[in-house]
Each structure stands twice: as C-alpha cells, then as structure tokens.
Amino acid sequence: MVKKITILGSTGSIGTQALQVLEKLEGKFEVVALSAGHNIPLLSEQIEKFHPKRVCVGSQECACILTTKYKDLEVVYGDEGLIDLCSDKSNDIILVAVSGKIGLKPTLTAIKNHIDIALANKETLVMAGDIVMREAAMNGVNILPVDSEHSAIHQCLNNKAGLRRLIITASGGPFLHKHVAEMKKATQEQALAHPRWNMGKKITIDSATLMNKGLEVIEAHHLFNVDYENIKTVIHPQSVVHSAVEYKDGSVIAQLGLPSMHIPIQYAICYPERIEGIKTDSFDFAKIGTMTFEEPDFNKFPLLKLAIECGKKSGSYTVCLNAADEEAVYAFLDGKISLGEISDIVSDMVQHHKSVANPDIDEIFEIDKMVREETKRLIENKYSKRSKA
Ligand SMILES: NC(=O)c1ccc[n+]([C@@H]2O[C@H](COP(=O)([O-])OP(=O)(O)OC[C@H]3O[C@@H](n4cnc5c(N)ncnc54)[C@H](OP(=O)(O)O)[C@@H]3O)[C@@H](O)[C@H]2O)c1
C-alpha cells in the first residue's frame, strides 16, 4: 500500500533528510503536501521532484511567487495554512518538522483528524504534552518519535510493566570539555559547531547549552508516560548509543547506530515496517572501539537542571521555559546577548513565572505570548545594554 504523507518544514534539516529517505523508498510513499517558511528556491526544487498537490509557505508574498510559477499547485500560507494541510484526511501520516511553537496547533489538528504523527517538533510536547497525548489516545493516533533518543526508547520499550527507568544519552555538545568561562563567551560560530549532528540553528544552540537534553527529558516523560524520577540522562560523546531502557530485572536494552537522522526518520514514517531505504554501512563494533559515558555537570549546564525542574513542577512552567528559551536563543543568534546569558534570562523568567495549573490550549498560547513579550523586554532593558557597555 502506498502511504500518503505531508511534511511540515520540508526545507529544514529534518525535512530535507526526510525527503532523501522518501527518494530511496520510491513507490512506497506519495507526497500529499509540503510546507516551508521562506526558502522558496529549495521548496521549488522539492515541488518539481515530489509533485505535491498542495504547499504551505510562511507568508502571502511567498505564496504569490509560487502561485505564479506553478499554475496547478494549491498554495496556502501562514499558521492557518499549516492547519489547513493537517485537516486533509487523505494523509496517512504527517511529519511535523517545523521548529518552535508553530508545530503545536497543526499537530493537534492532525490528531483530531485521526492522522498519525511522526513528531520531530519537541516544542509541541514541551508546551502541551498532557493535551497532545490525551487527544492522541482518544483519537487512536500514533505519535511516532523522530528525535533519535526517543526513537531509540520506542524501539527498546516492549514491556512497560517491567520498566525501571529510561536512560537518555547526550553527546555533550561543543563545550563538553571546555572551561565554563570559555563556553559563556563563545562566538556564534563556536556554539553552532556541533561535533556530531548537523541540525537547524535553534536546536544546535540548545544542544550547546544542554537545554535540548532538558527538553528531551520532558518530551520522554509525555511520550512514554514515565515519572521524571525514572528518567536519567548520561553524557556519551560518541553518539552511538542513542538511548536505553532499564528493566526491573536489571537488564538494559539499548539502541545503537551510527549518528544519522535518516534512520529514526525512516523508522517513524515506515512504522511498524523495517525496510532498507537509505543504505547504511553495517555496524562495526571493532571500528567504533571505545564508547564512554559520564555524568552531566549540572553546574556547568544549568538549563538541563532547570528544564527537568520545570517538568517536575508541571503547570505552565514548561510553557514559560520553552518561550523564554526560544526568545533568548534568537537574541543570541541576533548578536544581542552572550551564550552564557541565555541561562540567566531563562532562569530569571522561570523564577518569576506565576504558574497556571492544567492550562488549556488557549491559556497555553496566552502564557506563551506573555512570556515572549516579557523576555524580549528583559533582554532589551537589562542584557542588551550590558552587552553594549
Ligand atoms: N535537526 C535535527 O537533527 C533534529 C533532531 C531531533 C529533533 N529535531 C526537532 O525538529 C524540529 C526541526 O528542526 P530542524 O533542525 O529541522 O530545524 P530547521 O532546520 O531550522 O528547519 C525548520 C523548518 O521549519 C520551517 N519554518 C520555520 N519558520 C516557519 C514558519 N513561521 N512557518 C512555516 N514554516 C517555518 C523552515 O522553513 P524555511 O527554512 O523555508 O524558512 C524549515 O523548513 C525542531 O523542533 C527540532 O527540535 C531536529
């Protein structure tokens, strides 16, 4: 059977790798729709290669360019456009690979339309994990993780009743063995030079501060319904063990593979089938040689600790955490603050947050908006001036 798929964020790191997987799985998938923000040249190449019936872009201007160029193509735009794509019940699966909060509403729309989700966009679960997982269960929808760590756990977790804990690995990023002072004043170039993974800018900066690992712990809590006390993080610089599951009898089952996002993307969109798509070299233990593991340094990477604390406190703390971090990361990428100031700003916002218990989806978006505005104000009034001084 040919599976019908839509990809949100087709021009990004995950989106382009997903299309490489589809190319190798010729005949098994039909691309219903693609979505991009503003990279129209790349989206045009993808339209010509994969022939979607519909596309969504980030703005009306981008939509006009495509409507003029492709007469038979249906073009929508903006947040409403993404929701429109996710309302199309002809889809079997939607890969959500946009970055940031824009992933949440389309994901919920697809779930309500009984469409399975391959989820790369972790912000969706960090912001509204309880709601998303409840809706997925009510609508009989599979949420298939694309993050390599969660894909690994999905593959290892075959006996929930016997589970002791989840073990999530982290490469440690570019500053693992650098002095903390050096890390705090790192340049954008240094922070974006991830030693193992080639990813979008937001997740790469989050990987440098280990915030990404904190977001992944929250994601794992929701995806697998496991208490925070039973989720352990461990640093594993080689990124060969993608994560593991420890059972009550002491057995540990880990998933291994060379660091490549093609594998978890293919696993998610083909689930439950395992097929040969993108060819990988056979795994060679002898060539890998040494695998090392160490405890994360919570003092050097305070955002990892803060994210786990926010997850434990629940309420709207993770909404605040996510919004403040996204704004602080973009301020760093805009050259307004230093890398070290990201954690100061996010900690400041979380400390002053007045949490709302069990927020509904409207409250989540209201809190998200408010926190973003406050974070921008804080950056302008306190940090930008300090950086310029
Ligand atoms: N990259 C990885 O290896 C990896 C691994 C695990 C999880 N993830 C997660 O997957 C998600 C995507 O990560 P990524 O690294 O692929 O990010 P990325 O390279 O920055 O790609 C983001 C995608 O979203 C699109 N986009 C951005 N703003 C948009 C808007 N306002 N409206 C519509 N589309 C918009 C971009 O379009 P344009 O470029 O056309 O503007 C692009 O296609 C993130 O949530 C990340 O945490 C990524």
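Predicted model only: the values in this text are computed from it and were never measured. (Residues numbered from 1 in each chain as written. Predicted model: local features only at pLDDT ≥ 70, side-chain atom pairs only at ≥ 80, totals over all residues.)

Caption draft 1: Up close: the overall build of the protein. The helix and strand inventory of the protein stands at 17 helices and eleven strands. Across its three principal axes, the protein shows a C-alpha extent of roughly 55 × 50 × 40 Å. Excluding contacts between residues fewer than 6 apart, the proportion of contacts in the protein whose partners are at least 24 apart in sequence is 70%. (Helix = DSSP H or I, 4+ residues; strand = E, 2+ residues; numbered from the N terminus. Contact = placed C-beta atoms within 7 Å.)

Caption draft 2: Seen up close, the site of the ligand. Neighbouring residues of the ligand: 27 residues in total, closest Gly-12, Gly-37, Asn-39, Met-199 and Gly-200. The element best represented in the shell around the ligand is helix 1 (residues 13-24), accounting for three residues. Looking at the shell around the ligand residue by residue, the classes come out as ten nonpolar, 14 polar and three charged. No fewer than three residues from each of domain 1 (3-146) and domain 2 (147-260 + 281-312) sit in the shell around the ligand. (Near = placed C-beta within 6 Å. Nonpolar A, V, L, I, M, F, W, Y, C, P; charged D, E, K, R; others polar. Domains from an automatic or database assignment.)

Caption draft 3: Fine view of the sheet that holds strand 11 (residues 252-256). Overall, mixed pairing links the four strands, which are arranged 9-8-10-11 in an open sheet. The sheet is open, and its two edges are formed by strand 9 (231-235) and strand 11, each paired on a single side. Shown here is a sheet whose adjacent strand axes are inclined to one another by a mean of 20°, direction ignored. In the sheet, strand 10 (residues 241-247) pairs with strand 11 via five bridges, with the strands oriented antiparallel. Following the sheet pairing, Ala-244 is matched in strand 11 by Ala-254. (Pairing = 2+ DSSP bridges. Axes fitted to C-alpha atoms, helices over the stretch in contact; angles between N-to-C directions.)

Caption draft 4: Looking closely at the domain arrangement of the protein. According to the domain assignment, the protein contains domain 1 (3-146), domain 2 (147-260 + 281-312) and domain 3 (314-389). Computed over C-alpha atoms only, the centres of domain 2 and domain 3 are separated by 24 Å. Counting residues at the interface gives 20 residues for domain 2 and 16 residues for domain 3. Taken together, the residues of the side of domain 2 that touches domain 3 break down into twelve nonpolar, three polar and five charged.

Caption draft 5: The arrangement of the packing of helix 1 against helix 12 (residues 262-270) in detail. Closest axis-to-axis distance for the helix 1/helix 12 pair is 9 Å, and the angle between their directions is 70°. As the angle between them shows, helix 1 and helix 12 are arranged roughly perpendicular. Considering the relative orientation of helix 1 and helix 12, their crossing is right-handed. Of the residues in helix 12, those touching helix 1 at Ile-14, Gln-17, Ala-18, Gln-20 and Val-21 are His-262, Ile-265 and Gln-266. Class assignment for the residues of the contact of helix 1 with helix 12 results in four nonpolar, four polar and no charged. (Parallel < 35°, antiparallel > 145°, perpendicular 65-115°, else oblique. Left-handed = near helix turned anticlockwise from the far one by under 90°.)

Caption draft 6: Layout of the sheet that holds strand 2 (residues 29-35). Across the sheet, which stays open at both edges, the seven strands sit in the order 4-3-2-1-5-6-7 with parallel pairing between neighbours. Each having just a single partner strand, strand 4 (74-77) and strand 7 (143-145) make up the two edges of the open sheet. Looking at each pair of strands side by side, their axes are set apart by 25° on average, direction ignored. In this structure, strand 6 (residues 116-119) lies alongside strand 7, joined through three bridges in parallel fashion. By the bridge assignment for strand 7, Ile-117 is matched with Ile-143.

Caption draft 7: Region of the structure containing the environment of Asn-198. Secondary-structure assignment places Asn-198 in the loop between helix 9 (188-192) and helix 10 (201-209). Along the backbone, Asn-198 and Ser-260 are 62 residues apart, and their C-alpha atoms lie at a distance of 9.3 Å.

Caption draft 8: Layout of the pairing of strand 2. Of all the seven residues making up strand 2, six are buried; the element is thus mostly covered by neighbouring parts of the structure. Direction of pairing for strand 1 (residues 3-8) relative to strand 2: parallel, over a ladder of six bridges. If you follow Ile-7 over to strand 2, its bridge partner there is Leu-34. Between the parallel elements strand 1 and strand 2, the chain passes through helix 1 in a crossover that is right-handed. The pairing of strand 2 with strand 3 (residues 54-57) spans three bridges and is classified as parallel. The residue bridging Ala-33 from the neighbouring strand is Arg-54, located in strand 3. (Buried ≥ 20, exposed ≤ 12 C-beta atoms within 10 Å, placed from the backbone. Right-handed = clockwise from strand over helix to strand, strands pointing away.)

Caption draft 9: Local environment of the nonpolar core. Counting 109 residues, the largest nonpolar core has Leu-95, Ile-117, Ala-307, Cys-320, Ala-324 and Val-346 as the members making the most contacts within it. The element contributing the most residues to this core is helix 15 (residues 317-333), with ten residues. Setting aside chain neighbours within four positions, we find Ala-324 in contact with Ile-345, Val-346, Met-349, Val-350, Val-371 and Thr-375. (Core = buried A, V, L, I, M, F, W, Y, C linked by C-beta atoms within 7 Å.)

Caption draft 10: Structural context of the packing of helix 10 against helix 15. It is at 10 Å that the axes of helix 10 and helix 15 come closest, and there the two elements cross at 100°. Accordingly, the angle class assigned to the pair helix 10 and helix 15 is roughly perpendicular. Across from Lys-201, Lys-202, Ile-205 and Asp-206 in helix 10, the residues of helix 15 making contact are Glu-326, Val-329, Phe-332 and Leu-333. When its residues are assigned to classes, the contact of helix 10 with helix 15 shows four nonpolar, no polar and four charged.

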